[in-house]
Amino acid sequence: MTEKTAHAMPQAAVLPPVVPGPTGMLSRLQWTAALLALAAAIAFPIAASTLDQAFYIGFATRIMIYVIVVTSLNLLVGYAGLVSFGHAAYFGVGAYAVGAASLLAAGTLPAWVSSAWVAWPFAMVASALLALAVGALALRTRQVYFIMITLAFGQMVYYLFIGMKSFGSDNGMSLASRSSMGLGLDLASDTTFYYVVLALTAATLLLLTMVVRSRFGVVMQGISENESRMSAIGVPVYRYKLACFVIAGAFAGLAGALLANQNAYVSPRVLDWTQSGILLMMLIVGGVGYRCGGVYGAVLLLVLEEVISSHTEYWQFFVGVGLIAVVLLGNNGIASLLDKLVSLLRRRKAPVAANHKAIAEGATS
Amino acid sequence: MSTFAIEQTLNGLQLGLMLFLLAAGLTLVFGIMDLINLAHGSLYMFGGFLTVVFMRLTGNFAIALPLGIVAAGLLGALLEMTLLRRLYGRSHLSQVLATFGLILVSNDAIRFFFGPGAVMLDMPAALSQPLALTDHFSYSSYRLVVIAVGILTAILLSLLINRTRFGMWIRAGASDRETAQAMGVNIRLVFTLVFALGAMLCALAGGLLGPIFSVQMGMGESIIILAFVVVVIGGMGSIKGAFFGAIAIGFLDTLGRSLLPSVIRTHFPDLSADTMAPAIAAMLTYALMIAVLIWRPQGLFKTA
């Protein structure tokens, strides 16, 4: 299939990072960095309330929600080589699933339907099923056609929800309150909700790292590098890609469910195709195919938005210029810069730097 | 034909022709340069606003529109030479992201100069009265002119592509870039000119639709995806495909919006016809795009 394409196009967009040997999931340095980041995240609400800046707790929660969804997109784009331009659909369906659960609970069904233990898994299942249906068809196409078909499915979902009056059409739907959780946790408190989202973000990052490191993940990266070879040695390529698509959809759905709770509101804007573009943008700025690419991208862009928009309303202008610069300079995002820095510090630059140079070229050339 | 049918036919034709103006440039840029240009919708927006600027300067729509088109063509050529040229041969992901960045920049540039609100273009006074087509039916004379200009442009474009040397270069570039280059076609120049041509067609659509829909920041975003639908259905790189695809989508969308509400009201009284009908019409167009991508990804009008 790939070989038949008329134009001499470069191979699939992105090569995954080279697996640094079989020694465990993370290096000691990475564990240290991850634990430090976790400690900082745990301390953040305390610091914010002490400094009387409680507003930033909600802001940080929003960042973590985007970390989840961009990381799920990274699984597709970075590791499976599938450039999905409709990821907002799963994000948005997750949000609407929580909205639907609260509608049902307010109507005929018992109240526990809208509890976090039911509504959030429901959101993940709804998004996963959508991803299954979309992926089953979309994965029959390649390259630019794949980008176009995921875009078309995203638009279909967008118009579906725009058309549904019970979900508020253009206006979106407001939730009466955040989901209930029991266990003495009151999600109405921003700080409690922050810690719940933090736990879920950490769990997502850990799980998706495990997926990438598993046999499944390694095969997936093999497929994105050379699909016909993997197919020739007997790997059911289509099923692997579909499974990857469904996993990514499910976690995007989780992020959507959290977003609906964070805002107590679901907007159809979250399904707009520009939202899919923003998610891709966060990913490439963070580093496609790097474990923490989603983290860096979501944090940097949302913080930039916050900082620039407090000075000028034209923050998108600067973000756009930055994005064009990142693409033109052939840079594979922050993660690759950090990697280079680390390898320079360790004076072991030869092999690692060479590998990552190849990846950076693969991602942007 | 009943007046309803005539009116809907004219509406569908108008939407289809305007989509064609957008899709023609998009499909050429994709077919020849292998570039996914999401920012094509921004050129449509710039075209609309440039016409507004010249309208304010001259006060005459018939002068402002051609000036806007020329200015947009220059802007397109400038964009190609400074930025988009560097994206040829890059991965589609890079192209999507860089041109998405261009959309963000363009929107804020427009907001800086014109504000976030809609700017209305005045309809030329001579065309502001509806024209009585039959005893019982009259139709906006301005919209009739839009249809006429659309048809005329399509004919001129087809002559340009099929009968001129420049058109021959374009066709050569679209079917085999390397060979065309080897045969002495200045492919860099052709690329710049094709891009400028696409920008001019966008500006024509943006300027013409200005008096009907007004011009606004972000106006390109919703319509550009529809133009991509047209390009995919017609086959990437095919002008003929873009024409028939655009007319088909124009009619599908218009008929869906006008016929579906009564269908829904009679058969599904529980649903809200007002919100659901346009949504279903839009979903139908994307379903068509998906079907084409699965069964005939080269498009319906392309032999390859």
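Enquirer: Explain the overall build of chain A to me, using residue names and the numbers behind them.
Expert: Of the regular secondary structure elements, chain A holds 14 helices and two strands. Counting all 365 residues of chain A, 52% fall into the buried class. A separation threshold of at least 6 residues defines the contact pool for chain A, and within that pool the share at least 24 residues apart is 79%. Carbon and sulfur atoms make up 67% of the accessible area of chain A, which amounts to about 15800 Å² in all.

Enquirer: So what's going on with the overall build of chain B? Residues and values would help.
Expert: Per the secondary structure count, chain B includes 11 helices and two strands. Along chain B, from the amino end to the carboxyl end, the secondary structure elements read α-α-α-α-β-β-α-α-α-α-α-α-α. Taking 2.2 N^0.38 as the reference for a compact globule, 304 residues should give roughly 19 Å; the C-alpha atoms of chain B span a radius of gyration of 20 Å, in line with that estimate. With the C-alpha coordinates aligned to their principal axes, the bounding extent of chain B is approximately 60 × 50 × 40 Å. Here chain B, with 304 residues, has 58% of them falling under the buried criterion. Considering only intrachain contacts with a sequence separation of at least 6, the fraction spanning at least 24 residues in chain B is 76%. Counting every atom, chain B has about 12400 Å² of accessible surface; 67% of that belongs to carbon and sulfur. Positive and negative side-chain charges of chain B, numbering 16 and 12 respectively, have mean locations separated by a distance of 12 Å.

Enquirer: Give a description of the packing of aromatic side chains that names residues and reports values.
Expert: One pair of aromatic rings is described through two measures. These are the centre distance and the angle between the planes. Tallying each qualifying case throughout the model produces 21 aromatic pairs over all chains. Ring centres of Phe85 of chain A and Trp273 of chain A lie 6.0 Å apart, and the angle between their planes is 85°; this geometry places the pair in the edge-to-face category. In this pair, Phe85 of chain A sits in the loop between helix H2 (55-79) and helix H3 (88-106) while Trp273 of chain A sits in helix H10 (residues 273-286), placing the two residues 188 residues apart along the sequence. With a centroid separation of 5.5 Å and an interplanar angle of 80°, the aromatic rings of Phe243 of chain B and Phe244 of chain B are classed as edge-to-face. Aromatic ring contacts, followed pair by pair, group Phe85 and Trp273 of chain A together with Phe100 of chain B into a single cluster.

Enquirer: Tell me about the packing of H2 of chain A against helix H11 (residues 293-311) of chain A, and please be specific about residues and values.
Expert: Residue and element names in this part refer to chain A. For the pair H2 and H11, interaxial distance at closest approach is 8 Å and the crossing angle is 140°. On the basis of the axis angle, H2 is oblique to H11. Along this stretch, H2 crosses H11, giving a crossing that reads as right-handed. Contacts between H2 and H11 pair Phe55, Phe59, Arg62, Ile63, Tyr66, Val67, Val70, Thr71 and Asn74 from the former with Gly293, Gly294, Val295, Ala298, Val299, Leu302, Val303, Glu305 and Glu306 from the latter. A class-by-class count of the residues in the contact of H2 with H11 yields 11 nonpolar, four polar and three charged.

Enquirer: Explain the confidence of the model for chain A to me, and be specific about the residues and the numbers.
Expert: Residues and elements named next belong to chain A. The share of residues in chain A with pLDDT of 70 or more is 87%, and the mean pLDDT across the chain is 80. The element-level mean pLDDT for chain A is lowest in helix H14 (residues 349-364), coming to 48, with helix H9 (residues 237-263) highest at 92. Per-residue pLDDT stays below 50 along residues 1-23; that stretch engages in 53 contacts with residues further than four places along the chain or on separate chains. Note on residues 359-365: pLDDT is under 50 here. Beyond four places in sequence and across chains, it has 24 contacts.

Enquirer: Give a detailed account of the pattern of salt bridges, specifying residues and quantitative values.
Expert: The final tally for this structure, using the stated rule, is seven salt bridges over all chains. For Arg142 of chain A, the salt bridge is made with Glu227 of chain A, and the minimal N-O distance between the two is 3.0 Å. Of this pair, Arg142 of chain A sits in the loop between helix H4 (116-138) and helix H5 (143-163) while Glu227 of chain A sits in helix H8 (residues 227-232), placing them 85 residues apart in sequence. Measuring nitrogen to oxygen at the nearest pair gives 2.8 Å for the salt bridge that ties Arg257 of chain B to Asp253 of chain B. On the criterion of helical spacing, the pair formed by Arg257 of chain B and Asp253 of chain B is a turn pair, its members being four residues apart in helix H10 (residues 239-267). The partly exposed category is assigned to Arg257 of chain B, whose relative accessible area is 40%. Overall, the relative accessible area of 7% leaves Asp253 of chain B in the buried class.

Enquirer: Explain the environment of Leu131 of chain B residue by residue, including any values.
Expert: All names here are of chain B. Tracing the chain through its elements places Leu131 in strand S1 (residues 130-132). The class for Leu131 is partly exposed, based on a relative accessible area of 42%. It is 8.9 Å that separates the C-alpha atoms of Leu131 and Tyr142, two residues lying 11 residues apart in sequence. With sequence-adjacent residues up to four places away left out, Leu131 is seen in contact with Phe137, Ser138, Tyr139, Ser141 and Leu144.

Enquirer: I'd like a description of the interface of chain A and chain B, backed by residues and values.
Expert: With 51 residues of chain A at the contact, the number on the chain B side is 47 residues. Here chain A packs against chain B, burying approximately 4400 Å² in sum over the two surfaces, 79% of which is carbon and sulfur. Of all residues in chain A, Met148, Trp273 and Tyr314 of chain A bury the most surface against chain B, accounting for 15% of the area lost on that side. The interface formed by chain A and chain B includes one salt bridge. In this structure, the salt-bridge partner of Arg111 of chain B is Glu313 of chain A, at a minimum N-O distance of 3.4 Å. At the boundary of chain A with chain B, the tally comes to six residue pairs in polar contact (both at pLDDT 80 or more). Broken down by secondary-structure element, the contributors of at least two residues to the side of chain A that touches chain B are H5, H10, helix H12 (315-328) and H14 of chain A. When grouped by side-chain class, the residues that make up the side of chain A that touches chain B number 36 nonpolar, 12 polar and three charged.

Enquirer: Explain the packing of helix H5 (residues 141-163) of chain B against helix H8 (residues 187-213) of chain B to me, and be specific about the residues and the numbers.
Expert: All names here are of chain B. Across the interface, H5 lies against H8 with an axial gap of 10 Å and an inter-helix angle of 170°. In terms of orientation, H5 lies roughly antiparallel with respect to H8. In this structure, H5 contributes Tyr142, Arg143, Val146, Val149, Thr153, Leu157 and Leu160 to the contact, and H8 contributes Leu197, Leu201, Leu204, Gly207, Leu208, Pro211 and Ile212.

Enquirer: Would you mind going over helix H1 (residues 28-50) of chain A in detail, with residue names and values included?
Expert: In an α-helix there are 3.6 residues to a turn, and that puts residues three or four apart on one side. All names here are of chain A. Across its 23 residues, H1 extends 33 Å between first and last C-alpha, which sits within 8% of the 33 Å expected from 1.5 Å per residue. A maximum bend of about 35° is found in H1 at Phe44, where proline Pro45 lies one to four positions downstream. All of the buried residues along H1 are Ala41, Pro45 and Ala48. Tucked into the core, H1 has its buried residues touching H2 and helix H6 (190-213).

Enquirer: Mind laying out helix H9 (residues 219-234) of chain B, listing which residues take part and the relevant values?
Expert: The terminal C-alpha atoms of H9 of chain B lie 23 Å apart, and with 16 residues this matches the ideal 22 Å at 1.5 Å per residue to within 8%. By the criterion of burial, H9 of chain B is predominantly enclosed, with 15 of the 16 residues buried.

Enquirer: Tell me what's going on with a nonpolar patch on the surface, and back it up with residues and numbers.
Expert: Residue and element names in this part refer to chain A. A cluster of nonpolar side chains, Trp31, Leu35, Leu38, Ile42, Leu206, Leu207 and Met210, forms an exposed patch at the surface whose accessible area comes to about 620 Å². Only H1 and H6 provide two or more residues apiece to the nonpolar patch. With four residues, H1 is the single largest residue contributor to the nonpolar patch. Here Leu206 is to be found in helix H6.

Enquirer: Can you explain unusual backbone geometry? Please cite residues and give values.
Expert: All names here are of chain A. A positive phi angle, close to 50°, is found at Gln143, a residue other than glycine. Structurally, Gln143 can be placed in helix H5. Under the relative-accessibility criterion, Gln143 is labelled partly exposed at 24%.

Rules behind the numbers
- Residues numbered from 1 in each chain as written.
- Chains lettered and ligands numbered in written order.
- Predicted model: local features only at pLDDT ≥ 70, side-chain atom pairs only at ≥ 80, totals over all residues.
- Heavy atoms only, no water.
- Helix = DSSP H or I, 4+ residues; strand = E, 2+ residues; numbered from the N terminus.
- Buried < 20%, exposed > 50% of the residue type's maximum accessible area, 1.4 Å probe, protein only.
- Contact = heavy atoms within 4.5 Å.
- Areas by Shrake-Rupley, 256 points an atom, 1.4 Å probe, with all protein chains shown as cover.
- Rg over C-alpha atoms; globule rule 2.2 N^0.38 Å.
- Lys, Arg positive; Asp, Glu negative; His and termini not counted.
- Charge placed at Lys NZ, Arg CZ, Asp CG, Glu CD.
- Phe/Tyr/Trp six-rings, centres within 6.5 Å; stacked < 30°, edge-to-face > 60°.
- Axes fitted to C-alpha atoms, helices over the stretch in contact; angles between N-to-C directions.
- Parallel < 35°, antiparallel > 145°, perpendicular 65-115°, else oblique.
- Left-handed = near helix turned anticlockwise from the far one by under 90°.
- Nonpolar A, V, L, I, M, F, W, Y, C, P; charged D, E, K, R; others polar.
- pLDDT = per-residue confidence, 0-100.
- Salt bridge = Lys/Arg side-chain N within 4 Å of Asp/Glu carboxyl O.
- Buried area = accessible area lost by both parts, 1.4 Å probe.
- Polar contact = N/O pair within 3.5 Å; in protein donor to acceptor, adjacent residues only side chain to side chain.
- Expected span 1.5 Å × (residues − 1).
- Bend = angle between axes of the 7 residues up to and from the residue.
- Patch = residues over 30% accessible without salt bridge, like charges linked within 9 Å, V, L, I, M, F, W, Y side chains within 5 Å.

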